[in-house]
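Notes for the structure review
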Amino acid sequence: MDLGIRGKKAIVCAASKGLGRACAISLAREGVDLVITARGAEALEATASEIRAKYQVNVTTVVGDISTEEGRAAALAACPAPDILVNNCGGPPPGDFRDWQREDWIKAIDSNMLTPIFLIKSVVDGMIGRKFGRIVNITSASVKSPIPHLGMSNGARAGLTGFVAGLARQVAKHNVTINGLLPGPFNTDRIRNSSLAMAVKAGKTMEEALADMGKNNPAGRIGDPAEFGEACAFLCGAQAGFIVGQNLVMDGGNFNSSMG
Ligand code: NAP
């Protein structure tokens, strides 16, 4: 299926690795020119080179922390009028809310709520004027089904989701859509360096740890980032203009519910 977005321009935030990278790859395959960001230059350049070589699209790298004003300004300077914006950023740390100070919360809210909101603010009116815009916010399955030790993630991402629910319905008539993609467990560095690393430390191989993590999931496995990228590209496609303000959980069916 041709998604009808060849030649469009996208900003994909936090895209040197993991889910952001997978979204960038799927968009590039559809012929979308990219600005991709991350704090570390090395992995970002490696991802950009790989995408250029495989898909012959323009890929501009912007090194910076997207949760800062400077980081966002640099991304927007490289692509002031994107047709597509994929919001992504590192997630807040786990812990006990009794230990979190105001600064910890502000950091989480900055990264996972205000950063996407300010990027949306910067690009949405241009999208409205051009009568095309696709915005995808990478959040977490924890928005629907809170994870107890990830309280800051549950809270900040739910705040973004609530704001977007209202805005998405104000901009949809201009063929600008805003949707959330809510990952459950995916095989990225983040998972390999946290939950899986603990299992490996306890004596398991990475393959055993991965299999253990997936065995209670209805799909019998954890997700492949490429699957996430494909869903993102579909939501960014020309045909997806009637999908508005939705929150698509991608967790292999782990969230147990009869509907939605
Ligand atoms: P990952 O594999 O660790 O990749 C994170 C990417 O984001 C890297 O490219 C990283 O590069 C970049 N990044 C992180 N913080 C950044 C910042 N402040 N500014 C710019 N770039 C930044 O993580 P992931 O698994 O893809 O996770 C992506 C998001 O989905 C996170 O918010 C995570 O909490 C959420 N999530 C993931 C899962 C999962 O199973 N993987 C499940 C639920 C939610 P640099 O470090 O070089 O900046």
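These numbers come from a predicted model, not from an experiment.

This part is about the site of the ligand. Close contacts around the ligand come from 27 residues, with Ser-16, Arg-39, Cys-89, Phe-186 and Thr-188 the closest. Contact distances for the ligand include 3.5 Å between an oxygen atom and a backbone N or O atom of Ala-14. Contacts to the ligand include Thr-188, whose side-chain N or O atom sits 2.5 Å from an oxygen atom. Among the elements of the structure, helix H1 (18-29) and helix H6 (189-193) are those that each provide at least two residues to the shell around the ligand. With three residues, H6 is the largest single contributor of residues to the shell around the ligand.

It is worth spelling out the nonpolar core at this point. Among the nonpolar cores identified, the biggest contains 33 residues, and Val-12, Leu-27, Leu-34, Ile-36 and Ile-84 are the most heavily contacted of them. Broken down by secondary-structure element, the contributors of at least two residues to this core are strand S1 (9-12), H1, strand S2 (33-38), helix H2 (41-55), strand S4 (84-87), strand S5 (133-138) and helix H9 (225-235). Setting aside anything within four residues of it in sequence, one finds Ile-84 in contact with Ile-5, Lys-8, Lys-9, Ala-10, Ile-11, Leu-27, Val-32, Met-127, Phe-132, Arg-134 and Cys-236. Counting residues in each nonpolar core, the second largest holds 26 residues, with Cys-89, Val-123, Val-124 and Met-127 among its members.

In this structure the tally under the stated criterion is two aromatic pairs. Centroid distance Phe-186 to Phe-228: 5.4 Å. Interplanar angle 75°. Geometry classified as edge-to-face. Taken as a pair, Phe-186 in the loop between strand S6 (176-183) and H6 and Phe-228 in helix H9 lie far apart in primary sequence, 42 residues in all. Judged by relative accessible area, which is 0%, Phe-228 ranks as buried. Stacked on the ring of Phe-132, the Lys or Arg Lys-8 has its end atom at 4.2 Å from the ring centre.

Rules behind the numbers
- Here, residues in each chain are numbered from 1, in the same order as that chain's written sequence.
- This being a predicted model, a pLDDT of at least 70 is required before a residue's local features are given, and a value of 80 or more before pairs of side-chain atoms are given or counted; all residues contribute to the totals for chains, interfaces and linings.
- No hydrogens and no water enter the side-chain calculation; it runs on all heavy atoms of the structure.
- Near residues are defined by distance, with any heavy atom within 4 Å of the molecule or strand qualifying the residue.
- In protein, a polar contact means a hydrogen-donor-capable atom and an acceptor-capable atom, both N or O and within 3.5 Å, with residues adjacent in sequence counting only if both atoms are side-chain atoms; elsewhere, any N or O pair within 3.5 Å suffices.
- The numbering of helices and of strands both runs from the N terminus, where a helix is a DSSP run of H or I of at least 4 residues and a strand a run of E of at least 2.
- Here, the term nonpolar core denotes a set of buried Ala, Val, Leu, Ile, Met, Phe, Trp, Tyr and Cys residues that are joined through side-chain atoms within 4.5 Å.
- The buried label goes to any residue with under 20% of its type's maximum accessible area, the exposed label to any with over 50%, and the partly exposed label to all in between, with areas taken from a 1.4 Å probe on protein chains only.
- Note on definitions: a residue-residue contact is assigned when non-hydrogen atoms from the two residues lie within 4.5 Å.
- Planes of paired rings set the category: under 30 degrees apart is stacked, over 60 is edge-to-face and the rest tilted, where pairs are Phe, Tyr or Trp rings (Trp by its six-membered ring) whose centres lie within 6.5 Å.
- Lysine and arginine charges are scored as sitting over a ring when NZ or CZ, respectively, is within 6 Å of the ring centre and within 35 degrees of the ring normal.

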